[in-house]
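Below are the chains, spelled out letter by letter.
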Amino acid sequence: MPVAGISPARVERGFAFVDLCDFTRYTDDHGDREAVALLAEFRAGLRAVVASHGVRIAKWLGDGAMLVGVENEPLVEAVVHLKDVVATQGVLPLRAGMAAGPVILFEGDDYIGNAVNLAAHLCDLASAGRLLAPADLLSDLMVNTRAEAVGLLAIPGFTDRVEVVELREAEPEPWADG
């Protein structure tokens, strides 16, 4: 039952779902103690990365997390950076799905809408080491990120196919000889 006089707040946000691949198997193979140590290292790295990019951890999801950004560029660059941090840990690869758009801000700390669902589904579709996003998430301001076309994908729960790209760290520009 709606509360009289209160309308839902619509906000524009970017979302990323990040997930360590094969964590369940890792736990089975190495035991709870090593799994918890790996998870603690992952979470510490994630906290450091998002803090350096002005992105917020909205919720922890076991061996993953939901990230929220007010601006898309820092969110994307945080996830690309996080992939490199996880790779240096050398144990399990990261996968992620990202999307942005208008959503309902519910009870001050939860988000409801297509952008959240799309980011979650893209994370589910991503294989190990892949960061997937809709092509319309790209911006000229993302100077540290490059995209490779994946194609039009059918996303569960969405009527229209979505043009998807894989995001990666941009190669450094070679210096021109003078």
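**Some remarks on the nonpolar core**
Then, number 1: One finds Val18, Phe42, Leu67 and Met98 to be the most contacted residues of the largest nonpolar core, which totals 32 residues.
Then, number 2: Contributions of two or more residues to this core are made by strand E1 (9-20), helix H1 (23-53), strand E3 (64-69), helix H2 (72-89), strand E4 (94-106), strand E6 (131-134) and strand E8 (162-169).
Then, number 3: Ignoring sequence-local partners within four residues, the contact set of Met98 consists of Phe15, Ala16, Val76, Val79, Ala119, Leu122, Leu131, Leu132, Ala133, Pro134, Leu137 and Leu167.
Then, number 4: Residues Val11, Phe15, Leu118 and Leu132 belong to the second largest nonpolar core, which totals 19 residues.

**Remarks on the pattern of salt bridges**
Then, number 1: Applying the stated criterion to the full structure yields 7 salt bridges.
Then, number 2: Notably, a salt bridge pairs Asp19 with Arg95, separated by 2.9 Å at the nearest N-O pair. Highlighted residues: Asp19 in strand E1 and Arg95 in strand E4, separated in sequence by 76 residues.
Then, number 3: With a closest N to O distance of 2.6 Å, Glu148 and Arg146 form a salt bridge.
Then, number 4: Residue Arg146 is classed as partly exposed on the basis of its relative accessible area of 29%.
Then, number 5: Overlapping salt bridges bring together Arg130, Arg146, Glu148, Glu166 and Arg168 as one network.

Quick notes on the rules
- Residues numbered from 1 in each chain as written.
- Predicted model: local features only at pLDDT ≥ 70, side-chain atom pairs only at ≥ 80, totals over all residues.
- Heavy atoms only, no water.
- Core = buried A, V, L, I, M, F, W, Y, C linked by side-chain atoms within 4.5 Å.
- Buried < 20%, exposed > 50% of the residue type's maximum accessible area, 1.4 Å probe, protein only.
- Helix = DSSP H or I, 4+ residues; strand = E, 2+ residues; numbered from the N terminus.
- Contact = heavy atoms within 4.5 Å.
- Salt bridge = Lys/Arg side-chain N within 4 Å of Asp/Glu carboxyl O.

Nothing here speaks to function; it is all geometry.
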